[in-house]
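Breakdown of the fold
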Amino acid sequence: MKDYKEIAQDVLRRGAKELERNKKRQRALLRRGCTVAAFGLAAAVGIGVWYGKKPRQSAAGQYAAVNPAGVTWGKDGGGKGAGDKTSQGNIGLDGMVTGMDGGQGGFTDMDGDPSGYGPVPGGNTSGDSPVFDGETDGGFDPENVIGNSGEDFWPEQEQNQPGEQDAADMNGKFPDGAVGDEVTATQPMEMISSYPEDAIYCYEAPKNGEVFFSVPLSHAMEEYGDAVLYKVVVDLFRDGEQVSPESGEAKLALERVIELGYTVVRESYEEGEEVRHHYMLHATKEQLTEFDAGEEYGYMIRFFGES
Amino acid sequence: MDNGASSYRRFLDGDEGGIVEVIRDYKDGLVLYLNGFVRNIYTAEDLMEDTFVRLVVKKPKFSAKYSFKTWLYTIGRNVAIDYMRHNARSVAVPDEDLQRIGSEEMGVEASYLKEEQKILLHRAMGKMRSEYRQVLYLSFFEDFDNGQIAAVMGKSKRQVENLMYRAKMSLKSELDKEGFVYEGL
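Owing to the predicted nature of the structure, the values given are computational and were not obtained by experimental measurement.

Re the overall build of chain A
In terms of helices and strands, chain A carries seven helices and seven strands. When its helices and strands are written in sequence order, chain A yields α-α-α-α-β-β-α-β-β-α-β-β-α-β. Among the 307 residues that make up chain A, the fraction classed as buried is 45%. Sequence separation of at least 24 residues holds for 74% of the intrachain contacts in chain A that already meet a minimum separation of 6.

Shown next as structure tokens:
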């Protein structure tokens, strides 16, 4: 048997070799790990860019398709004139709803809206498909976003002048925002307000306690999931008939939605020489799918300008 | 804290002399203990070196729950089990090697066990099962109590007590065959 000093020398030599081997192995692993991580990062960035571009591309496509019809989109910052807004003439929705009760007020106010649903199943729609740029909206000021503030955020029920910002008047706090500013400039997530859809859909009015999503919105949620915010119009129905967004009843109902934690914006838009209002919801897919309708009203949620 | 522990602490602090002292103090006992597993003194010597290499490379922390020797033998046992796992097929040893192995083993026995009676006892244990040899070796030659043996062998105290009883019975019958009496049994 070897002397203990020889054994100790052997042990220390072997130990040093093994430590060196371990270090080499670690360095090799680190190199491989870095390579794999770099590829992974590049792939993730590529996918991210691809995904990030997708909604914009589709919205831009819609813009290009609609613009030849003469729709002017408020992108000029301080515009207050009708040219900054979508006008009914631009949208062109002649004879779009059948079976509508014109006396209901609320729904007829939405004549410029091409959603095409009505209290009578089978109401047909026709006309062009107005679509909005995914990032801009005439007459909408991102500053006007309300909800969860706990403040008195609802505006007085008064008719705005064409081109004026609704929420700016709501409590006197909001400045006259630049009409048509990019919504996404102040949003953490990209917001879409349209989805390309060739077909024209007709919807039955939702019953009390029901929530309907329009087909384009459903398709958008399928495609983009929770990657984007959806800027959608909320139409309120009671016993199969639409509640006017101008009414105090609608205001109260939407207050409940705000109390549920949703962001609701009251927007104005022009129809010819008249200024109309509607309530917009800024929500994620999860928020939309978990939307609690309550018992008193039915909700139709759709993109503005969809057919 | 025994000397082994303080030497090992010195080694962890960067003094290579510490591990040299550990090797000096524990190599023979460890070889004989590991020989109980592999029944080959050369392999046991290699495993003893592997045990110390493991200390040098991994620098495991020693906690004073048991003695340093108990802790070291536990590492040695793990090294031996690893070896046996990777060398499940036993290698045939040529006759001339067997003779050399015998003389080498006797040399280690003589240097470590010293007393003739203990050497005879150790040889009698060579014919027994591996577990019996281990438990008796740790008890008779390393003066471990049942708790320490349980820690080294990875068994409960109760299992060690049972194992010890059966091992002593087996050893007694072996010694009876050779007409040898050991007072410790």
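Re the packing of aromatic side chains
All names here are of chain B. For the structure on display, the rule yields 18 aromatic pairs over all chains. Ring geometry for tyrosine 26 versus phenylalanine 68: centroids 5.4 Å apart, planes at 55 degrees, classification tilted. Of this pair, tyrosine 26 sits in helix H2 (residues 16–38) while phenylalanine 68 is found in helix H4 (residues 68–86), placing the two residues 42 residues apart along the sequence. Taking the relative accessible area as the measure of exposure, tyrosine 26 reaches 9% and is therefore buried. Accessibility expressed as a relative area gives 0% for phenylalanine 68, which makes it buried. Centroid distance tyrosine 33 to phenylalanine 37: 5.4 Å. Interplanar angle 90 degrees. Geometry classified as edge-to-face. With tyrosine 33 and phenylalanine 37 both in helix H2 and four residues apart, the pair spans about one turn of that helix.

Observations regarding a nonpolar patch on the surface
Judged by side-chain polarity, Leu41, Val45 and Val49 of chain A come together as a nonpolar surface patch covering roughly 280 Å² of accessible area. With respect to the helices and strands, the residue valine 45 of chain A is situated in helix H1 (residues 4–66).

Points about the interface of chain A and chain B
Taken together, the 13 residues of chain A in the interface contact 19 residues of chain B. Buried surface at the junction of chain A and chain B, both sides included, amounts to about 1,500 Å², of which 73% is carbon and sulfur. Ranking the residues of chain A by area buried against chain B places Met1, Tyr4 and Leu12 of chain A at the top, with a combined share of 44%. Where chain A packs against chain B, one counts two salt bridges.

Section: the environment of valine 57 of chain B
Position of valine 57 of chain B among the secondary structure elements: in helix H3 (residues 41–58). Note on valine 57 of chain B: relative accessible area 12%, which makes it buried. The residues touching valine 57 of chain B, leaving out its near neighbours within four places in the chain, are Gly15, Glu18, Leu19 and Asn22 of chain A.

Overview of the pattern of salt bridges
Counting across every chain of the model gives 18 salt bridges over all chains. One salt bridge connects glutamate 49 of chain B with arginine 14 of chain A, and the closest N-O pair in it is separated by 3.5 Å. In this pair, glutamate 49 of chain B is assigned in helix H3 and arginine 14 of chain A in helix H1, connecting two distinct chains. Judged by its relative accessible area of 8%, glutamate 49 of chain B is buried. Arginine 14 of chain A sits in the partly exposed class, given a relative accessible area of 30%. Among the ionic pairs, aspartate 28 of chain B bridges to lysine 27 of chain B, the shortest N-O distance being 3.0 Å. Like lysine 27 of chain B, aspartate 28 of chain B is buried. A network of salt bridges, in which partner residues are shared, links Arg14 of chain A together with Glu49 and Asp50 of chain B.

Details of the confidence of the model for chain A
Put simply, chain A has an average pLDDT of 66, and 55% of its residues get 70 or more. Contacts of residues 57–187 of chain A to residues separated by more than four positions or lying in other chains number 295 contacts, the stretch itself having pLDDT below 50.

Examining the pairing of strand S3 (residues 229–238) of chain A
All names here are of chain A. Burial of S3 is extensive: nine of the ten residues sit out of reach of the surface. For strand S1 (residues 191–192) and S3, the ladder comprises two bridges, and the chain directions are parallel. Looking at the pairing, isoleucine 192 lines up with tyrosine 230 of S3. Relative to strand S6 (residues 274–283), S3 runs antiparallel, the two sharing five bridges. Paired with tyrosine 230 across the strands is alanine 283, a residue of S6. With five bridges joining them, S3 and strand S7 (residues 298–302) adopt antiparallel strand pairing. Note that in S7 the partner of valine 234 across the bridge is isoleucine 301. Pairing between S3 and strand S4 (residues 241–243): three bridges, direction antiparallel. The partner of phenylalanine 237 across the bridge, within S4, is glutamine 242. Between the end of S3 and the start of S4, which pair antiparallel, lie two residues, with aspartate 239 showing a positive phi angle near 55 degrees.

Digging into helix H6 (residues 248–259) of chain A
All names here are of chain A. The first and last C-alpha atoms of H6 sit 17 Å apart over twelve residues, in line with the 16 Å expected at 1.5 Å per residue. Residues Ala250, Ala253, Leu254, Val257 and Ile258 constitute the buried set of H6. Looking straight down H6, one finds its buried side chains confined to an arc of 150 degrees; they lie on one side. Projecting away from the buried face of H6 at angles above 90 degrees are the exposed residues Leu252 and Glu259.

What counts as what
Residues numbered from 1 in each chain as written. Chains lettered and ligands numbered in written order. Predicted model: local features only at pLDDT ≥ 70, side-chain atom pairs only at ≥ 80, totals over all residues. Heavy atoms only, no water. Helix = DSSP H or I, 4+ residues; strand = E, 2+ residues; numbered from the N terminus. Buried < 20%, exposed > 50% of the residue type's maximum accessible area, 1.4 Å probe, protein only. Contact = heavy atoms within 4.5 Å. Phe/Tyr/Trp six-rings, centres within 6.5 Å; stacked < 30°, edge-to-face > 60°. Patch = residues over 30% accessible without salt bridge, like charges linked within 9 Å, V, L, I, M, F, W, Y side chains within 5 Å. Areas by Shrake-Rupley, 256 points an atom, 1.4 Å probe, with all protein chains shown as cover. Salt bridge = Lys/Arg side-chain N within 4 Å of Asp/Glu carboxyl O. Buried area = accessible area lost by both parts, 1.4 Å probe. pLDDT = per-residue confidence, 0-100. Pairing = 2+ DSSP bridges. Expected span 1.5 Å × (residues − 1). Arc of directions from axis to C-beta.

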